[in-house]
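As a plain string of letters, each chain reads:
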Amino acid sequence: MEFKDYYGTLGVPKMASAVELKRAYRKLARESHPDMHPGDVQAEARFKDINEAYEVLGDPAKRKKYDQLGANWRDYEQAGRNGGPVPGTGTHRTVTADELRDLFGAEDPFSDFFHAFFGGGGGARTGGRRARRAERGTDVEHPLELTLEEAFQGTTRHLRLSDHGADRTVQVRIPAGVRDGSRVRVAGEGGRGRAGGSAGDLFLVVRLLPHPTMERRGQDLYTKVSVPVTTAVLGGDVDVATLSGGSLRLKVPPMSQAGQVFRLRTHGMPTPGKPTERGDLYATLELRIPAALSDEARAHYEALRALEGRPS
């Protein structure tokens, strides 16, 4: 049986305060949690060691006993191996490794050293077994890329997730109107609970992909609409594409200028949870210059230029 240096496991000195111990435990447990390293046996073993170390050092009574144990731990081990009284406990240490596995199961998170000197995981024994405290599973974050159209309409995704090396598929509904950076909660689809504890939650962190013609600002959308010079001068109708796949008819007044912005109310992004509340769509006018001119069109443009050169 190997002596466990719990202070070394947590990376703290023996004089560390309770606050320092807790801070070190939280940091190390977060870094090596099995949910962050699915299928990584070494990370799981590391997590168990960290949990065991804090189980002892985080409990004032256990910590005092551990500090008193010091270099005498071999005496405790020898007494336990021979079936004699374990010093300072008044009990007999006659449990073999096979019996330990029978008592605690294959997933027992505590070492033989811990069980020999601290009598289990801090819980009571029930029916010959140590009653493990129910522990809720950890919350898990998962990135999710969406197109602007999917964010506009809402969508359903089937995600393949790995949980301790086992793959599973989760169907999730993404509500309409989610923003970039939004966290969509999927209850009960996070890390597995322990000892009958409930599962944690899955949080999908949304990342909106760039759109070729639309830009989102809050709940409003911005786009550009190209119109012929004649329409800008004389006025007319032009179609503005929307994220729903259709288009809106925009009436361009005569003498409209390049860069002029038109507001199309309630045609922006919906508000999550309030589908009837929508932002606006803003269309910025761009002039479309012809790439080539027929002889007739050129004659008309030259005539216009001649008119512009005349005094008013």
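For the structure, check the block above.
Below: a short report on this structure. Owing to the predicted nature of the structure, the values given are computational and were not obtained by experimental measurement.

As a further point, take the overall build of the protein chain. Summing up its helical and strand segments, the protein chain has 10 helices and 15 strands in all. The burial tally for the protein chain puts 35% of its 312 residues in the buried class. For the protein chain, the proportion of contacts with a sequence separation of at least 24, taken over those separated by at least 6, is 54%. In the form shown here, the protein chain has an accessible surface area of approximately 19,000 Å², with 51% of it arising from carbon and sulfur atoms.

One pass over the full model with this rule turns up 4 aromatic pairs. Measuring from ring centre to ring centre gives 4.4 Å for Tyr25 and Tyr54, while their planes differ by 10°; the resulting arrangement is stacked. Taken together, the positions of Tyr25 in helix 2 (residues 18-32) and Tyr54 in helix 3 (residues 41-57) put the pair 29 residues apart, joining distant regions of the chain. Ring pairs connect the aromatic residues Tyr6, Tyr7 and Tyr66, which therefore count as one cluster. Above the plane of the ring of Phe203 lies Arg183, whose end atom (NZ or CZ) is 4.3 Å from the centre. Above the face of the Tyr222 ring, Arg217 is positioned so that its terminal group lies 4.0 Å from the ring centre.

Take helix 3 next. Its 17 residues give helix 3 an end-to-end C-alpha distance of 25 Å, which sits within 8% of 24 Å, the value for a rise of 1.5 Å per residue. Listing the buried residues of helix 3 in full gives Ala43, Phe47, Ile50, Glu52, Ala53, Glu55, Val56 and Leu57.

In terms of nonpolar packing, the biggest core is built from 34 residues, with Ile174, Leu204, Val225 and Leu250 touching the most fellow members. In contact with Val225, not counting residues within four places along its chain, are Val238, Asp239, Val240, Leu250, Ala283, Thr284, Leu285 and Glu286. Counting residues in hydrophobic clusters, the runner-up holds 17 residues, among them Tyr7, Leu10, Val12 and Phe47.

What follows deals with unusual backbone geometry. Non-glycine residue Met255 carries a positive phi angle of around 65°. Mapping Met255 onto the fold places it in the loop between strand 11 (247-252) and strand 12 (261-264). One non-glycine residue, Thr266, lies in positive phi territory at about 60°. Here Thr266 is to be found in the loop between strand 12 and strand 13 (270-271).

With that settled, the discussion passes to a nonpolar patch on the surface. There is a patch of nonpolar side chains on the surface, built from Leu293, Tyr301, Leu304 and Leu307 and spanning about 350 Å² of accessible area. Among the structural elements, Leu304 can be located in helix 10 (residues 295-309).

Burial of strand 11 is one-sided: the residues Leu248, Leu250 and Val252 facing one way are buried, the residues Ser247, Arg249 and Lys251 facing the other way are not. In this structure, strand 10 (residues 236-241) lies alongside strand 11, joined through 6 bridges in antiparallel fashion. Its bridge partner lying in strand 11, Gly236 is registered against Val252. Hairpin remark: strand 10 followed by strand 11, antiparallel, with 5 residues in the connecting loop; positive phi at Gly245, about 100°.

With that settled, the discussion passes to the sheet that holds strand 12. Spatially, 4 strands are ordered 8-9-15-12 in an open sheet, and the strand pairing comes out mixed. Edge positions in the sheet fall to strand 8 (214-217) and strand 12, since each of these pairs with one other strand and no more. Sheet twist, expressed as the mean angle between neighbouring strand axes with direction ignored, is 30°. For strand 8 and strand 9 (residues 220-228), the ladder comprises 4 bridges, and the chain directions are antiparallel. Following the sheet pairing, Glu215 is matched in strand 9 by Tyr222.

Here is what the cut-offs are and how they apply
Residues numbered from 1 in each chain as written. Predicted model: local features only at pLDDT ≥ 70, side-chain atom pairs only at ≥ 80, totals over all residues. Heavy atoms only, no water. Helix = DSSP H or I, 4+ residues; strand = E, 2+ residues; numbered from the N terminus. Buried < 20%, exposed > 50% of the residue type's maximum accessible area, 1.4 Å probe, protein only. Contact = heavy atoms within 4.5 Å. Areas by Shrake-Rupley, 256 points an atom, 1.4 Å probe, with all protein chains shown as cover. Phe/Tyr/Trp six-rings, centres within 6.5 Å; stacked < 30°, edge-to-face > 60°. Lys NZ or Arg CZ within 6 Å of the ring centre and 35° of its normal. Expected span 1.5 Å × (residues − 1). Core = buried A, V, L, I, M, F, W, Y, C linked by side-chain atoms within 4.5 Å. Patch = residues over 30% accessible without salt bridge, like charges linked within 9 Å, V, L, I, M, F, W, Y side chains within 5 Å. Salt bridge = Lys/Arg side-chain N within 4 Å of Asp/Glu carboxyl O. Pairing = 2+ DSSP bridges. Axes fitted to C-alpha atoms, helices over the stretch in contact; angles between N-to-C directions.

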